[in-house]
Amino acid sequence: MPLPQAGPAAPVVDSHCHLDFPDFADDLDGVIARANAAGVTRMVTICTRLRTEPAVRAIAEAHAPVFYAAGTHPMSAADEPLASVEQLCALAAHPKFVGIGETGLDYHYTADSAAVQAESLRIHIEAARRTGLPLIIHSRDADADMARILTDEHRAGAFSCVMHCFTSGQALAEAALDLGFYLSMSGIAAFPRSADLRAIFAAAPVDRLLVETDAPYLAPPPHRGRRNEPAYVTRTAAAAAEFLGMDYADFAAQSSANFDRLFAKAAPGARP
């Protein structure tokens, strides 16, 4: 998965990372500088528990390339106070707040809290409707329930959405795409054993694909097993370009345009 060897790196966006996590506490300025040097022009850092929102917001305020989103992660839904629609809408007034979530369903470790996860998800969906900001969805081992809730809710009132770090099956991918949603590729798409997942992305419209790191997790080769960081989104973008049969610069431009369309508040012309 070669990257460009001459000239400036093609600009690309890391649509999902977690820069407030302790993994970056002693190296945040370096992480952002390395991302910029690699051609990562923007990154969205995600708050997963609303009580940490002030710290996540502070990172976005301190670094021009960083935007942020906030919500309650489904694995924390039973342990955190339920967000309110009003609370999420109030956060959306900040000029660098660009998305609602991440939220969703995770039955891999926390299936026992499925009911409260669904309640939390519906609250976040309503906030996405009211604000016009994209919903950021985490879905794991919950394909049928996720497709049903998203379809039912979208029928009740439209909203935009990205299926973050998409690793689910073809049926959920098709359901999401049919609703006009986007699929985001993490480093998992570059793992050798991810051929089935790559086939799902290859079958999707290229104007509905994003790339992300989910840093500090899921580093793509050759960094797999180590701390991930936004600069490495270039490796995932290079893998995507290869299996989509595109030049790296063309895919980087396409995925960046897709990001601008979905996360319009973070598009260059909308910067605060």
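Residues numbered from 1 in each chain as written. Predicted model: local features only at pLDDT ≥ 70, side-chain atom pairs only at ≥ 80, totals over all residues. Heavy atoms only, no water.

## Structural notes on the packing of helix α5 (residues 114-131) against helix α6 (residues 143-156)
Next, step 1: At their nearest, the axes of α5 and α6 sit 11 Å apart, and the two run at 35 degrees to each other. In terms of crossing hand, the pair formed by α5 and α6 is right-handed. Only Met146, Arg148, Ile149, Leu150, Glu153 and Ala156 of α6 make contact with α5, whose side of the interface consists of Ala118, Leu121, Arg122, Ile125 and Arg129.
Next, step 2: Grouping the constituent residues of the contact of α5 with α6 by class yields seven nonpolar, no polar and four charged. (Axes fitted to C-alpha atoms, helices over the stretch in contact; angles between N-to-C directions. Helix = DSSP H or I, 4+ residues; strand = E, 2+ residues; numbered from the N terminus. Left-handed = near helix turned anticlockwise from the far one by under 90°. Contact = heavy atoms within 4.5 Å. Nonpolar A, V, L, I, M, F, W, Y, C, P; charged D, E, K, R; others polar.)

## Quick look at α6
Next, step 1: Taking 1.5 Å of rise per residue, 14 residues should cover 20 Å, and α6 covers 20 Å from first to last C-alpha, within 8% of that figure.
Next, step 2: Every buried residue belonging to α6 is among Met146, Ala147, Ile149, Leu150 and Glu153, and all of these are buried. (Expected span 1.5 Å × (residues − 1). Buried < 20%, exposed > 50% of the residue type's maximum accessible area, 1.4 Å probe, protein only.)

## Section: the packing of aromatic side chains
Next, step 1: According to the stated counting rule, one finds five aromatic pairs in the structure shown.
Next, step 2: Taking 5.4 Å as the distance between ring centres and 40 degrees as the angle between the ring planes, the aromatic pair formed by phenylalanine 159 and phenylalanine 181 counts as tilted. Taken together, the positions of phenylalanine 159 in the loop between α6 and β6 (161-163) and phenylalanine 181 in the loop between α7 (170-178) and β7 (182-185) put the pair 22 residues apart, joining distant regions of the chain. Here phenylalanine 159 and phenylalanine 181 have matching classes, each one buried.
Next, step 3: Considering the side-chain rings of phenylalanine 166 and phenylalanine 201, the 6.3 Å spacing of their centres and the 70 degrees angle between planes classify their relative orientation as edge-to-face. (Phe/Tyr/Trp six-rings, centres within 6.5 Å; stacked < 30°, edge-to-face > 60°.)

## Describing the sheet that holds strand β5 (residues 135-140)
What holds strands together in a sheet is hydrogen bonding between their backbones, with the strands either parallel or antiparallel.
Next, step 1: Taking strand neighbours across the sheet as the criterion, the eight strands line up as β1-β2-β3-β4-β5-β6-β7-β8 in an open arrangement whose pairing is parallel. Because the sheet does not close on itself, it has two edges, and the strands there are β1 (12-17) and β8 (209-211). Sheet twist, expressed as the mean angle between neighbouring strand axes with direction ignored, is 30 degrees.
Next, step 2: Direction of pairing for strand β4 (residues 97-106) relative to β5: parallel, over a ladder of five bridges. Paired with leucine 105 across the strands is serine 139, a residue of β5. (Pairing = 2+ DSSP bridges.)

From the geometry alone we can't say anything about function, so treat these as descriptive.
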